[in-house]
Amino acid sequence: MSTRRPPAAPTARPRRPERRASSTSPARSDGAPRHGLARVLSKAGLCSRTEAARWIQAGRVTVDGRVINNPEFPIVDGRHHVRVDGQPLDAPRRIHLMLNKPRGLVTTAQDEQGRDTVYRCFDDAGLPWIAPVGRLDKASEGLLLFSNDPQWAARLTDPATGPDKTYHVQIDAIPDAAQLQALCTGVEDDGELLRARRATLLRSGDKTAWLEVVLEEGRNRHIRRLLAALDINVLRLVRVAIGHLPMGALGKGAWRELSQHDLDLLYAAADGAVAPP
């Protein structure tokens, strides 16, 4: 007669440790939008997101009185008190300005190769942090916008809403009508379709000419690559207008703040409206 063993007692599952509120992240909100700390500083117009990350990692930023070293620390609008170097996160005055960029300067805040940047033009000006709105390459010159207003900058640089850009270009050839039409028809280069909205001959000499070229959106070295596809070299490239806003008589390397009328000119172009008088 076999002896029946009693059933084994069930093995108790280990208890999960209770979740505690993290000392490095706030309690979950009730669906309110959350943004990374570095992004919040950048959107406030204080600095770039890269610079904000440096400030945070250096211990210069507190949230609700606690030093935070994580640039992605989630912030809920209106619920967290952010300070930089002990100062409240008050958005600075919005600044919009234009610069007549000289040739030979690179459009960046810091250059890895140690080249002069466009920020040299603002030395000792006492301006808050500003960023270029669009770019001009080192060999190009002319109208370049700056601002500490990210939303305004995004509107102007968005291909769908941004204004046209007008350039005066000196070339080493006398183009014929077919070549001017080819600039507008476009060429493919490195998988990108490059074309101008309008290309007209301004004046010509024995071996060189000046063109006016209008772009709807500017890709990297757009005009230079477009002309190179037609075996034409650029001798000089100057941006003379953005939308309805002309560079005017602004001197080389000089800058000025945009007036409300200037802003209206840019907004009209971005909205596809006729320029205000």
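Quick caveat, the model's predicted, so the values are computed rather than measured.

Undergrad: Please explain the pattern of salt bridges as it appears in this structure.
TA: Side chains that carry opposite charge are capable of pairing whenever their charged atoms lie near each other. On inspection of all chains with the given rule, the structure shows 11 salt bridges. Between Asp116 and Arg120 there is a salt bridge whose closest N-O contact spans 3.0 Å. Here Arg120 falls in the partly exposed class, since its relative accessible area comes to 43%. Linked by salt bridges that have partners in common, Asp189, Glu192, Arg219 and Arg225 make up one network.

Undergrad: What's the story with the sheet that holds strand S5 (residues 82-84) in this structure? I'm lost.
TA: One open sheet accounts for four strands, arranged S3-S2-S5-S6; its pairing is antiparallel. Among the strands making up the open sheet, the edge pair consists of strand S3 (66-67) and strand S6 (87-88). Alignment of S5 against S6, held across two bridges, turns out to be antiparallel. Bridge pairing in S6 links Arg83 to Pro88.

Undergrad: What is the right way to read the pairing of strand S15 (residues 234-242) from this model?
TA: Side-chain positions along a regular strand alternate between the two faces of the sheet. Counting buried positions along S15 yields seven of nine residues, so the element is predominantly enclosed. Direction of pairing for strand S9 (residues 141-147) relative to S15: parallel, over a ladder of two bridges. Bridging from a neighbouring strand, Gly142 pairs with Arg239 of S15. As paired elements, S15 and strand S16 (residues 245-246) share two bridges and run antiparallel to each other.

Undergrad: Is there a simple way to explain the nonpolar core in this structure?
TA: Side chains that are nonpolar tend, in soluble globular proteins, to be buried together. Grouped together as the largest cluster of nonpolar side chains are 31 residues, with contacts concentrated most on Phe146, Val169, Ile223 and Leu227. It is strand S14 (residues 209-215) that contributes the most residues to this core, four residues altogether. If near-sequence neighbours (up to four positions away) are discounted, Ile223 is found in contact with Tyr167, Val169, Val213, Leu215 and Leu237. If you look at the next biggest cluster of nonpolar residues, it comprises 18 residues, including Ala153, Ala241, Leu250 and Leu265.

Undergrad: Got a minute to help me understand unusual backbone geometry in this structure?
TA: Trans peptide bonds make up most of the peptide bonds, and negative phi angles are found at most residues other than glycine. Phi is positive for Asp124, which is not a glycine, with a value near 65 degrees. With respect to the helices and strands, the residue Asp124 is situated in the loop between strand S7 (96-101) and strand S8 (131-133). Classification of Asp124 as exposed rests on a relative accessible area of 83%. Of note, the phi angle at Asp190 is positive, near 55 degrees, even though the residue is not glycine. On the basis of relative accessibility, which here comes to 73%, the residue Asp190 falls in the exposed class.

Undergrad: Can you help me understand the environment of Gly186 in this one?
TA: Positionally, Gly186 belongs in the loop between helix H4 (177-185) and strand S11 (187-189). Sequence-wise, Gly186 and Ala229 are 43 residues apart; in three dimensions their C-alpha atoms are separated by 9.6 Å. Beyond its immediate stretch of four places on either side in the chain, Gly186 contacts Leu193, Leu194 and Arg195.

Undergrad: What am I meant to see in H4 here?
TA: It helps to recall that an α-helix has 3.6 residues per turn; residues three or four apart then point in one direction. The N-cap of H4, judged by a side-chain oxygen 3.2 Å from the amide nitrogen of Ala178 a few residues on, is Asp176. Trailing H4 by a residue or two, Gly186 shows a phi angle of about 100 degrees, which is positive.

Undergrad: I tried to follow helix H2 (residues 49-57) on my own but got confused; where do I start?
TA: Along H2, the residues that are buried comprise Ala52, Ala53, Trp55 and Ile56. End-on view of H2: buried residues confined to an arc of 160 degrees, all on one side of the axis. For H2, exposure combined with an orientation more than 90 degrees from the buried face picks out Thr50 and Gln57. Elements in contact with the buried residues of H2: helix H1 (37-43), strand S2 (61-63) and S5. Backbone geometry just after H2 places Gly59 at a positive phi near 80 degrees.

Reading the values: the criteria
- Sequence order as written defines the numbering, with residues in each chain counted from 1.
- A pLDDT threshold of at least 70 governs which residues receive local features in this predicted model, and a stricter bar of 80 or more applies before side-chain atom pairs are shown or counted, although totals over entire chains, interfaces and linings include all residues.
- In computing side-chain values, all of the structure's heavy atoms are included and hydrogens and water are not.
- Note on definitions: salt bridges are taken to be side-chain nitrogens of Lys or Arg within 4 Å of carboxyl oxygens of Asp or Glu.
- Here's how the labels work: a residue is buried when its accessible area is under 20% of the maximum for its type, exposed when over 50%, partly exposed in between, all with a 1.4 Å probe on protein chains only.
- For two strands to pair, DSSP has to find at least two bridges joining them.
- The way it works is that DSSP assigns letters per residue, a run of H or I at least four long becomes a helix, a run of E at least two long becomes a strand, and they are numbered from the N terminus.
- Buried residues of nine kinds, namely Ala, Val, Leu, Ile, Met, Phe, Trp, Tyr and Cys, make up a nonpolar core once their side-chain atoms join them within 4.5 Å.
- Residue contacts follow a heavy-atom distance rule, with two residues in contact if any of their heavy atoms lie within 4.5 Å.
- Think of a polar contact as two N or O atoms within 3.5 Å of one another; within protein, one of them needs to be a possible hydrogen donor and the other a possible acceptor, and neighboring residues in sequence only count if both atoms come from side chains.
- Here the arc refers to the set of directions running from the helix axis out to each C-beta atom.

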